[in-house]
Amino acid sequence: MARIPLKQLLADDPKKVLVLDGGQGTELENRGIKVANPVWSTIPFISESFWSDESSANRKIVEEMFNDFLAAGAEILMTITYQTSFKSVSENTPIKTLAAYDNLLTRIVDFSRDCIGEEKHLIGCIGPWGAHVCCEFTGDYGPNPESIDFYQYFKPQLDNFNRNEKLDLLGFETIPNIHELKAILSWDESILSKPFYIGLSVHEHGVLRDGTTMEGVAKVIKDLGDKINPNFLLLGINCVSFNQSPDILESLHRALPNMPLLAYPNSGEVYDTEKKIWLPNSDKLNSWDTVVKQYIGSGARIIGGCCRTTPKDIQEISAAVKKYT
Ligand SMILES: [Zn+2]
């Protein structure tokens with residue numbers, strides 16, 4: 001394999017900060033793919049023509065998106081599988097069996113790897129349980145979050161991703177609920193056999209969407225002690241408010257000073273659910289230059305963008321990472 005394993009790469013060069021790509025779902029939308037459906041950005045991969053017709057319009061759009069993020073300086077990119085859980089796919093698309101689902105994931109990973117080449121690192125993106133029921137920004141997992149069978153939900157995607165050598169890292173993203181975090185962290189190497197990270201969905205006031213403080217999050221990790229899965233490489237925040245994200249990351253760093261972190265906030269725009277439009281971030285307090293500088297000061301090792309961030313944002317992130325490392 002041409003790529004250095006991420007664990008080694010991060011350990012060998014303690015100053016290395018990897019530039020991640022930007023918001024894929026919203027970028028596909030910007031480029032004309034209609035993603036408003038229960039499997040969101042998975043939708044282009046569901047139609048057979050995406051695979052059979054190499055000149056299909058959607059295929060071109062996805063290829064160009066990857067190319068533009070690469071040209072902007074991304075060194076680690078994600079598969080577009082945020083809402084590609086077996087439950088979401090089998091309940092909302094013609095793909096019903098585990099075998100057909102496995103085939104879908106393998107095709108998506110192969111395609112993503114072909115788009116980015118052998119040199120760049122690839123993350124197998126895994127959205128939270130809440131994405132299936134649209135509550136990743138409220139963290140409201142119902143009256144009995146402790147009895148949700150998270151393993152059952154994630155297993156088909158994990159089984160596929162764990163054994164796919166084209167993936168370098170698994171990314172659990174936008175995790176809003178402490179019970180889900182505890183569940184993921186309770187899984188040993190037989191369940192999570194690849195390096196993985198967890199991106200938390202954090203309120204702008206700095207608490208997990210369900211109200212747990214960053215100290216509370218840190219306690220879960222500290223309490224696990226040396227029982228923690230050695231594949232747990234990074235913890236961080238994603239799709240959080242751009243303006244508040246440096247402070248949030250700093251609070252996570254204070255609570256867990258030795259933990260490698262990652263950060264990829266959204267653009268700070270706000271979605272108007274009535275008018276169904278994105279409202280501009282009118283009080284953008286910081287530039288990427290300032291934000292990236294603060295992230296690096298707080299121990300960030302992977303930095304990129306989430307929803308509504310574009311290749312232009314990644315270009316600015318990449319310039320700042322070069323400047324401050
Ligand atoms: Zn996002």
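Worth saying up front: this structure is predicted, and the values here are computed from it rather than measured.

Colleague: Summarise the UniProt feature "binding site: Zn(2+)" (unreviewed entry) in the protein; cite the residues concerned and give the values.
Modeller: As annotated by UniProt and renumbered to match this structure, "binding site: Zn(2+)" (unreviewed entry) occupies Cys239, Cys306 and Cys307. Taken along the chain, the residues just named run across 69 residues; in space they keep tight, none of their C-alpha pairs more than 6.2 Å apart. Residue placement: Cys239 occurs in the loop between β6 (232–238) and α12 (245–255). Aside from chain neighbours lying at most four places away, what touches Cys239 is Phe137, Thr174, Arg209, Tyr264, Pro265, Asn266, Cys306 and Cys307. Position of Cys306 relative to the elements: it lies in the loop between β10 (300–303) and α14 (311–324). Apart from the residues within four sequence positions on either side, Cys306 is in contact with Gly22, Gly23, Asn238, Cys239, Tyr264, Pro265 and Asn266.

Colleague: Now, about the coordination of the zinc ion: what can you tell me, with residues and values included?
Modeller: Around the zinc ion, the protein contributes the donor atoms Cys239 (SG), Cys306 (SG) and Cys307 (SG), at 2.3 to 2.4 Å from the metal centre. Mapping the donors of the zinc ion onto the primary sequence gives the spacing C-x66-C-C. Taken together, the residues Cys239 in the loop between β6 and α12 and Cys306 in the loop between β10 and α14 connect sequence positions 67 residues apart. For Cys239, a relative accessible area of 4% translates into the label buried. Taking the relative accessible area as the measure of exposure, Cys306 reaches 10% and is therefore buried.

Colleague: Which residues make up the pattern of salt bridges, and what values do they have?
Modeller: What the rule picks out here adds up to 17 salt bridges. A salt bridge links Arg3 to Asp168, with the shortest nitrogen-to-oxygen separation between them at 2.9 Å. Highlighted residues: Arg3 in the segment before α1 (6–12) and Asp168 in the loop between α9 (150–162) and β4 (169–175), separated in sequence by 165 residues. For Asp168, a relative accessible area of 9% puts it in the buried group. For Glu27, the salt bridge identified is with Arg31, shortest N-O distance 2.7 Å. What makes Glu27 buried here is its relative accessible area of 5%. Since its relative accessible area comes to 23%, Arg31 is described here as partly exposed. Among the charged side chains, a network of salt bridges with common partners joins Arg3, Arg113, Glu118 and Asp168.

Colleague: If you had to explain the UniProt feature "domain: Hcy-binding" (unreviewed entry) in the protein to someone new, which residues and values would you point to?
Modeller: Cross-referencing UniProt, the feature "domain: Hcy-binding" (unreviewed entry) maps to residues 6–321 in the present numbering. Along residues 6–321 the backbone is 42% helical and 14% strand, and the end-to-end C-alpha distance reaches 18 Å.

Colleague: Give me helix α7 (residues 98–116): which residues, what numbers.
Modeller: The end-to-end C-alpha distance of α7, which contains 19 residues, comes to 27 Å, matching closely the 27 Å that a straight helix rising 1.5 Å per residue would cover. Along α7, the residues classified as buried are Tyr101, Leu104, Leu105, Ile108, Val109, Phe111, Ser112, Arg113, Cys115 and Ile116. Backbone geometry just after α7 places Gly117 at a positive phi near 80°.

Colleague: If you had to explain the packing of aromatic side chains to someone new, which residues and values would you point to?
Modeller: With the rule as written, the count across this model stands at 20 aromatic pairs. Ring geometry for Trp40 and Tyr82: centres 5.6 Å apart, planes at 70°, overall edge-to-face. Taken together, the positions of Trp40 in the loop between α2 (24–30) and α3 (43–46) and Tyr82 in the loop between β2 (76–78) and α6 (86–92) put the pair 42 residues apart, joining distant regions of the chain. A residue is classified by how much of its surface remains accessible, and Trp40, at 21% relative accessible area, is partly exposed. Ring centres of Tyr197 and Tyr264 lie 6.3 Å apart, and the angle between their planes is 85°; this geometry places the pair in the edge-to-face category. Placement of Tyr197 in strand β5 (residues 196–200) and of Tyr264 in strand β7 (residues 261–264) is noted, with a sequence separation of 67 residues between them. The residues Tyr197 and Tyr264 share a single accessibility class, namely buried.

Definitions and limits used
Residues numbered from 1 in each chain as written. Predicted model: local features only at pLDDT ≥ 70, side-chain atom pairs only at ≥ 80, totals over all residues. Heavy atoms only, no water. UniProt positions renumbered as here; feature names shortened; annotations may be inferred. Helix = DSSP H or I, 4+ residues; strand = E, 2+ residues; numbered from the N terminus. Contact = heavy atoms within 4.5 Å. Donors = N, O, S within 2.8 Å, 3.2 Å for Na, K, Ca; no water. Buried < 20%, exposed > 50% of the residue type's maximum accessible area, 1.4 Å probe, protein only. Salt bridge = Lys/Arg side-chain N within 4 Å of Asp/Glu carboxyl O. Expected span 1.5 Å × (residues − 1). Phe/Tyr/Trp six-rings, centres within 6.5 Å; stacked < 30°, edge-to-face > 60°.

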